Amino acid sequence: MKKAGDIVSRTELKEYLIKAVETQNISHAYLFTGEKGSGKLLLAQFFAEAILCTGQGEKPCGTCKSCLQADSGNQPDIRKIVHEKASIGVDEIREQINQDISIKPYSSNYKIYIMEDADKMTEQAQNALLKTIEEPPEYAIIMLLAENENRLLETIRSRVVKLEVKPVEQETIKQFLMKEKQVPDYLAIESAKFSQGNIGKAIRYASSEDFMELKQNVLHLLRYLSDMTISEIVEGVKEIGGRKEEVQDILDLMILWYRDVLMCKVTSDPNQLLFKEDFKSLKELARKIDYEGIDQIIEAVEKAKQRLKANVNFDMTMQLLMLTIKENENGTSNRS
């Protein structure tokens, strides 16, 4: 069995969790923070398996009954909080945690609750959970996973052990993709580079049959956006519109592109850039756009990401974004 933590090269964090198990210095509540795909769930699962492992030696051992159950998703004392709506409401908290937590563990010394998207809890749901975190049964452990911890109430944040899941080194991701996923070296290098330390993104990029094509389509649009007409922009959006499931990746590439533009304003060294092959185009854009314009473009891309997560119309959102970028590149935006 491959342990949940094997693919995440975060030695200090893993050692901290293992030591907590070995010394039985285990808190009743944890908060794992990091962007989507950073490995928060893998680390939480690794920690849960290690806590419940009954084998000898290194934990999780991977061979005891508890580890085998966890590996198959059938460990009765590891509970995953599920939700169908965009937010996690008070009913989910009451039914899946508050009412369940009084029931003692089925076969272990602990009962562990893992909640992804904890930052999507409504305020009412958070207040309901707070009462349980304040006075949990001694066998209960709650693990919250969140992209943005600031969306959680301070009263919750002050009562949990916070663990930040940081980016993985590019070389480590590349080696993992090549050895564990049998990804060709050229694709492993590109996927690792553009993942920005996010193991989930790197795996997704490397698993996509046309990631390289997607990247080139997005870059083509960005290279020539300044000189495009409105109708050409609309056509360009349609070109990538068939990839709506990859839209967050498209927007991430845009942010990286304009960060390179920003880098070009402060250095003439192409080795500092992600898009080294586009140094000439980036340098020209850096000459045209001022710092405020770059900030406004990156902010506009971030807003587009949020709108699309909220299911706002794809074509309208992307066309508005492209026009905002074009205005800032040509120095015609209205600035207060």
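Summarised in this report is the structure supplied together with it. (Residues numbered from 1 in each chain as written. Predicted model: local features only at pLDDT ≥ 70, side-chain atom pairs only at ≥ 80, totals over all residues. Heavy atoms only, no water.)

So, on to the pairing of strand β3 (residues 111-115). Most of β3 sits inside the fold, with five of its five residues counted as buried. Alternating residues of β3 divide into Lys111, Tyr113 and Met115 and Ile112 and Ile114, and every residue in both groups is buried. In this structure, strand β2 (residues 78-80) lies alongside β3, joined through three bridges in parallel fashion. Across the sheet, isoleucine 78 pairs through a bridge with isoleucine 112, a residue of β3. Two strands pair when backbone bridges link them, and β3 and strand β4 (residues 140-146) are joined in this way by five bridges, in the parallel orientation. If you follow lysine 111 over to β4, its bridge partner there is alanine 140. What joins β3 to β4 is helix α5 (residues 123-134), and the crossover it makes is right-handed. (Buried < 20%, exposed > 50% of the residue type's maximum accessible area, 1.4 Å probe, protein only. Helix = DSSP H or I, 4+ residues; strand = E, 2+ residues; numbered from the N terminus. Pairing = 2+ DSSP bridges. Right-handed = clockwise from strand over helix to strand, strands pointing away.)

So, about unusual backbone geometry. The amide bond that connects lysine 59 to the next residue, proline 60, takes the cis arrangement and shows omega of -5°. With phi around 55°, glutamine 196 is a residue other than glycine that occupies positive phi space. Locating glutamine 196 in the fold gives a position in the loop between α8 (185-195) and α9 (199-207). The phi angle at asparagine 311 is positive, at roughly 65°, despite the residue not being glycine. Secondary-structure assignment places asparagine 311 in the loop between α14 (291-309) and α15 (314-329).

Its 20 residues give helix α12 (residues 247-266) an end-to-end C-alpha distance of 30 Å, which sits within 8% of 28 Å, the value for a rise of 1.5 Å per residue. Most of α12 is tucked away: 14 of the 20 residues are buried. (Expected span 1.5 Å × (residues − 1).)

Counting 54 residues, the largest nonpolar core has Leu251, Met254, Trp257, Tyr258, Met318, Leu321 and Met322 as the members making the most contacts within it. Considering every element that reaches this core, the biggest residue donor is α12, with eleven residues. In this structure methionine 318 touches Val237, Ile240, Val247, Ile250, Leu251, Met254 and Leu308, once residues within four positions along its chain are discounted. (Core = buried A, V, L, I, M, F, W, Y, C linked by side-chain atoms within 4.5 Å. Contact = heavy atoms within 4.5 Å.)

Next up on the list: α15. With 16 residues, α15 extends 22 Å between its outermost C-alpha atoms, agreeing within 8% with the 22 Å of an ideal straight helix rising 1.5 Å per residue. Among the residues of α15, Phe314, Thr317, Met318, Leu321, Met322, Ile325, Lys326, Asn328 and Glu329 are the ones counted as buried. What you see down the axis of α15 is that its buried residues fit within an arc of 165°, all on one side. The backbone nitrogen of aspartate 315 lies 3.2 Å from a side-chain oxygen of the residue at the head of α15, namely asparagine 313. Immediately downstream of α15, the backbone of glycine 331 shows phi near 70°, a positive value. (Arc of directions from axis to C-beta. Polar contact = N/O pair within 3.5 Å; in protein donor to acceptor, adjacent residues only side chain to side chain.)

Let's shift gears to the layout of surface pockets. Its boundaries defined by the atoms lining it, the largest pocket holds a volume of some 1500 Å³. Contributing to the lining of the largest pocket are 50 residues, with Glu35, Lys36, Gly37, Glu147 and Lys309 lying nearest its centre. Only α2 (40-52), β4, α8, α9, α10 (211-224), α12 and α14 provide two or more residues apiece to the lining of the largest pocket. When residues of the lining of the largest pocket are assigned to their parent elements, the largest contribution, seven residues, is made by α12. Taken together, the residues of the lining of the largest pocket break down into 17 nonpolar, 13 polar and 20 charged. (1 Å grid on protein atoms, 1.4 Å probe; cavity = no way out; pocket = protein on both sides within 12 Å on 5 of 7 lines; lining within 4 Å. Points joined across faces, edges and corners; volume = space filled by probe spheres on them. Nonpolar A, V, L, I, M, F, W, Y, C, P; charged D, E, K, R; others polar.)

The geometry of α14 relative to α15 is characterised by a closest axis approach of 9 Å and an angle of 175° between their N-to-C directions. In terms of their interaxial angle, α14 and α15 are classed as roughly antiparallel. Mapping the contact onto sequence places Gly293, Gln296, Ile297, Ala300, Val301, Ala304, Arg307 and Leu308 in α14 and Phe314, Thr317, Met318, Leu320, Leu321, Thr324, Ile325, Asn328 and Glu329 in α15. For the contact of α14 with α15, the residue count by class is ten nonpolar, five polar and two charged. (Axes fitted to C-alpha atoms, helices over the stretch in contact; angles between N-to-C directions. Parallel < 35°, antiparallel > 145°, perpendicular 65-115°, else oblique.)

A grouping of Met263, Val266 and Tyr291 is seen on the molecular surface, where their side chains present a nonpolar patch of about 270 Å² in accessible area. Secondary-structure assignment places tyrosine 291 in helix α14. (Patch = residues over 30% accessible without salt bridge, like charges linked within 9 Å, V, L, I, M, F, W, Y side chains within 5 Å. Areas by Shrake-Rupley, 256 points an atom, 1.4 Å probe, with all protein chains shown as cover. Salt bridge = Lys/Arg side-chain N within 4 Å of Asp/Glu carboxyl O.)

Turning our eyes to something else, we now look at the environment of leucine 273. When you line up the elements, leucine 273 lands in the loop between α12 and α13 (279-288). According to the relative accessible area criterion, leucine 273 is buried, its value standing at 4%. C-alpha of leucine 273 to C-alpha of leucine 256: the two residues are 17 residues apart in sequence and 9.4 Å apart in space. Contacts of leucine 273, omitting those with residues within four sequence positions, involve Asp260, Met263, Cys264, Phe279 and Leu282.

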